[in-house]
Amino acid sequence: MPDSESLHIAVVGAGPGGYAAAFLAADLGMTVTLIDPEPNPGGVCLYRGCIPSKALLHVAKLIEESEQAKNWGIDFAAPKIDLARLRSWKGSVVKKLTGGLGVLSKQRKVNYVRGHAAFDDSTTLRVTRADGSEESLTFDRIILATGSRPAIIPSLKLDTPRMMDSTSALDLEDIPETLLVVGGGYIGLELGSVYAALGTRVTVVEMLSGLLPGADRDLVLPLLKRLEKMFDGILLNTTVASVKDEGTGIRATLKGQDGNNQERVFDRVLVSVGRKPNSEIPGLEKTRVQVGPRGFIPVNQQLQTGDPSIYAIGDVVGEPMLAHKAMHEGRTAVEAIAGHKVAFEPNAIPAVVFTDPEVAWCGLTETQAQSENREIKVARFPWAASGRAITIDRPEGITKLLFDPQTERLLGMGIVGAGAGEMIAEGVLAIEMAALARDVAMTIHPHPTLSETIMESAEVFLGTSTDIYRPKRG
Ligand code: NAD
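Let me begin by describing the structure that accompanies this report.

About the thresholds
- Residues numbered from 1 in each chain as written.
- Predicted model: local features only at pLDDT ≥ 70, side-chain atom pairs only at ≥ 80, totals over all residues.
- Heavy atoms only, no water.
- Salt bridge = Lys/Arg side-chain N within 4 Å of Asp/Glu carboxyl O.
- Patch = residues over 30% accessible without salt bridge, like charges linked within 9 Å, V, L, I, M, F, W, Y side chains within 5 Å.
- Areas by Shrake-Rupley, 256 points an atom, 1.4 Å probe, with all protein chains shown as cover.
- Buried < 20%, exposed > 50% of the residue type's maximum accessible area, 1.4 Å probe, protein only.
- Near = heavy atom within 4 Å.
- Polar contact = N/O pair within 3.5 Å; in protein donor to acceptor, adjacent residues only side chain to side chain.
- Helix = DSSP H or I, 4+ residues; strand = E, 2+ residues; numbered from the N terminus.
- Nonpolar A, V, L, I, M, F, W, Y, C, P; charged D, E, K, R; others polar.
- Pairing = 2+ DSSP bridges.
- Axes fitted to C-alpha atoms, helices over the stretch in contact; angles between N-to-C directions.
- Parallel < 35°, antiparallel > 145°, perpendicular 65-115°, else oblique.
- Left-handed = near helix turned anticlockwise from the far one by under 90°.
- Contact = heavy atoms within 4.5 Å.
- Phe/Tyr/Trp six-rings, centres within 6.5 Å; stacked < 30°, edge-to-face > 60°.
- Core = buried A, V, L, I, M, F, W, Y, C linked by side-chain atoms within 4.5 Å.
- Expected span 1.5 Å × (residues − 1).
- Arc of directions from axis to C-beta.

Turning our attention to the pattern of salt bridges. Applying the stated rule across the entire model yields 23 salt bridges. Beyond isolated ion pairs, a larger network of salt bridges with shared partners links Asp 216, Asp 218, Glu 366, Arg 380 and Lys 400.

In structure tokens:
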């Protein structure tokens, strides 16, 4: 094994996983080439995913909250939306962050190559630059961080800007009067919320019996109640059988569980039915990298593929397809290449849906515990009993903790409520530190904050909560 400082590595794809890997490798003294078609590192997350959507969701929250302010005696005028300015603000957020990454990349002397990579063999990449020039480069190790792209349903493919995926929906060309969202997952609900706040009448169709299939039902319910007010309709157990471009709109045939079809016309349609891994890397067949049936690249706990020179991280290796998972995998891969004794084996990866209220969970979920027949004890704290939740007029939230009844160890946390995405980090830390119910209950949380609901849930488990009254049994 050569000294890590003499290693030359390539990272293909400069999303959060790829740039984190490249930057750490440079910090460890390796010579690093980072390859991506965009002008700066950032990938889908920064250019057309997490970051622009969160900027728009912030605006959506402001609009919704200004509406709610009527209940508190403050009556704002209806918002006037300057779409060009909103777009340019969103663009400036993306530019600031991707530009910052460009600077960090230069400071670390990472060789950032704007282009596409193809394999000539396990250690040689043919890089086609944006200007068309080609170069063949040889490396000691290659990390694939090629990410994912929106899944496409062939029957919903129409060549018209009225049909959108998450990328085009984020472009915010206009504020359509009506929008059909196909798929009630992360993207459908987040972007549906943005358009609804801007004034679009949004209809969501979800083929399963509930929204956000990965989340526990009790956490989804408060969100569902709020979305039912925000959206025109939420049609569960429904799919879109076909779409037709009528020039002035898209005629969609919606197919319910009862087999009955209904036809509706929408100004625009957003298809958000999941994402597919980008594993069709040209020349990959010249290496020993395998690709699984769903398109994911199998890796070991060091993120090494079937080819010892090639590692893979992020969306391309499997679920959950989340930036923070990719970043940690990137670190692990680089440390493994550097010869450190490491493995990617988290106890908890947080998931956050940035709707309003936010839904967040980490570790074991109740649904998972049930399907695995695991004995757990669940402690819930309703936000209606939280002083802070009442002061912000958001009593619909719930915090719940899942414990091992024997050891009293915290196994999972779920939160629905305003700011749940920030709070879930405490659960991840507690689970990773193997906290017991008593550890969480005895940790003094600041008052009045929503974070107290975490401590209170642990007290509910221990039967010592003073903010909830439970008559003694027997
Ligand atoms: P998703 O998997 O979250 O949701 C897709 C939904 O579409 C599911 O509920 C599924 O049942 C439904 N569906 C599938 N086929 C359908 C059909 N034919 N008709 C109707 N409904 C159908 O996928 P997404 O919303 O496209 O997001 C993709 C991924 O991107 C997410 O899984 C997540 O990993 C990532 N993401 C994360 C965040 C975040 O962290 N906040 C935000 C956006 C995207």
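The structure having been displayed, the exposition proceeds.
On the surface, a cluster of nonpolar side chains totalling about 310 Å² of accessible area is made up of Trp 72, Ile 74 and Phe 76. Trp 72 sits in the partly exposed class, given a relative accessible area of 41%.

Attention shifts here to the site of the ligand. The local shell around the ligand holds 24 residues, among which Ile 187, Glu 206, Gly 274, Met 321 and Val 352 are the closest. Between an oxygen atom of the ligand and a side-chain N or O atom of Glu 206, the distance comes to 2.5 Å. Within the contact set of the ligand, an oxygen atom lies 2.8 Å away from a backbone nitrogen or oxygen of Met 321. With 4 residues, the single largest contributor to the shell around the ligand is helix α6 (residues 186–198). Residues that form the shell around the ligand fall into these classes: 13 nonpolar, 8 polar and 3 charged.

Moving on, we come to the sheet that holds strand β11 (residues 233–235). Strands belonging to one sheet form pairs held by backbone hydrogen bonds; the direction of such a pair is parallel or antiparallel. Read from one edge to the other, the open sheet built from 5 strands follows the order β8-β15-β9-β10-β11, with strand pairing classed as parallel. Pairing within the sheet leaves two strands with one partner each, and these edge strands are β8 (163–164) and β11. One ladder, built from 3 bridges, connects strand β10 (residues 201–205) with β11; its direction is parallel. Bridge pairing in β11 places Thr 203 opposite Gly 233.

This brings us to the packing of helix α3 (residues 50–68) against helix α4 (residues 83–107). Orientation of α3 relative to α4, taken along the N-to-C sense of each, is 140 degrees, at an axis distance of 9 Å. The pairing of α3 with α4 is recorded here as oblique in orientation. Crossing handedness for the pair α3 and α4: right-handed. Across from Ile 51, Pro 52, Ala 55, Leu 56 and Val 59 in α3, the residues of α4 making contact are Leu 86, Trp 89, Lys 90, Val 93, Val 94 and Leu 97.

We now examine the packing of aromatic side chains. This structure, assessed with the given rule, holds 2 aromatic pairs. Geometrically, the ring pair formed by Tyr 19 and Phe 23 is tilted, given 5.5 Å between the ring centres and 45 degrees between the ring planes. One end of the pair is Tyr 19 and the other is Phe 23, both in helix α1 (residues 16–27) and 4 residues apart, which spans about a single turn. For Tyr 19, a relative accessible area of 13% translates into the label buried.

This next bit is on unusual backbone geometry. Between Glu 319 and Pro 320 the backbone carries a cis peptide bond, its omega angle lying at -10 degrees. By secondary structure assignment, the location of Pro 320 is in the loop between β17 (310–312) and α8 (323–337). Here the residue pair Asp 356 and Pro 357 is connected by a cis peptide bond, since its omega of 5 degrees sits within 30 degrees of zero. Tracing the sequence through the fold places Pro 357 in the loop between β18 (351–353) and β19 (358–363). Even without glycine at this site, Ala 434 takes up a positive phi of about 55 degrees. Mapped onto the fold, Ala 434 is located in the loop between α11 (420–432) and α12 (437–441).

Bringing the side chain of Thr 124 into the picture now. Here Thr 124 is to be found in strand β4 (residues 124–129). Judged by relative accessible area, which is 10%, Thr 124 ranks as buried. At 2.9 Å, the side chain of Thr 124 and the side chain of Asp 121 are in polar contact. Setting aside chain neighbours within four positions, we find Thr 124 in contact with Ala 118, Phe 119, Ser 136, Leu 137, Thr 138 and Ile 142.

Looking at the secondary structure, you find Ile 63 in helix α3. Residues Ile 63 and Lys 472, spaced 409 residues apart in sequence, show a C-alpha to C-alpha distance of 45 Å. Residues contacting Ile 63, with those up to four places away along its chain left out, are Pro 79, Ile 81, Ala 197 and Leu 198.

Moving on: the environment of Thr 365. Considering the arrangement of structural elements, one finds Thr 365 in the loop between β19 and α9 (366–371). Along the chain, Thr 365 and Gly 214 lie 151 residues apart, while their C-alpha atoms are 8.9 Å from each other. In contact with Thr 365, other than residues within four places in its own chain, are Asp 216 and Leu 402. Engagement of the side chain of Thr 365 in a polar contact is seen with the backbone nitrogen of Gln 368, the distance being 3.1 Å.

What follows deals with the nonpolar core. Generally speaking, a soluble globular protein has its nonpolar side chains buried in company with each other. Of all hydrophobic cores here, the largest spans 41 residues; its most connected members are Leu 189, Val 202, Leu 211, Leu 212, Leu 227, Phe 231 and Val 359. It is α6 that contributes the most residues to this core, 7 residues altogether. Excluding residues that lie within four positions of it along the chain, Leu 227 makes contacts with Leu 189, Ser 193, Leu 211 and Ile 234. In terms of nonpolar packing, the next biggest core, distinct from the first, is built from 31 residues, Leu 46, Leu 101, Ile 143 and Ala 336 among them.

Structurally, Ser 465 can be placed in the segment after α13 (452–462). For Ser 465, a relative accessible area of 14% corresponds to the buried category. In this structure the side chain of Ser 465 is engaged in a polar contact, spanning 3.3 Å, whose partner is the side chain of Glu 456. A distance of 3.4 Å separates the side chain of Ser 465 from the backbone nitrogen of Asp 467, its partner in a polar contact.

Glancing now at α11. With 13 residues, α11 should reach 18 Å at 1.5 Å per residue; the first-to-last C-alpha distance of 19 Å fits that figure. Turning to α11, its buried residues are Ala 420, Gly 421, Met 423, Ile 424, Gly 427, Val 428, Ala 430 and Ile 431. Projected down its long axis, α11 carries its buried residues within an arc of 165 degrees, all on one side. Of the residues in α11, the exposed ones pointing more than 90 degrees away from the buried face are Glu 422 and Leu 429. Looking at the buried residues of α11, the elements they touch are β18, β19, β21 (398–403), β22 (410–417) and α13. Count one or two residues on from α11 and you reach Ala 434, which has phi positive near 55 degrees.

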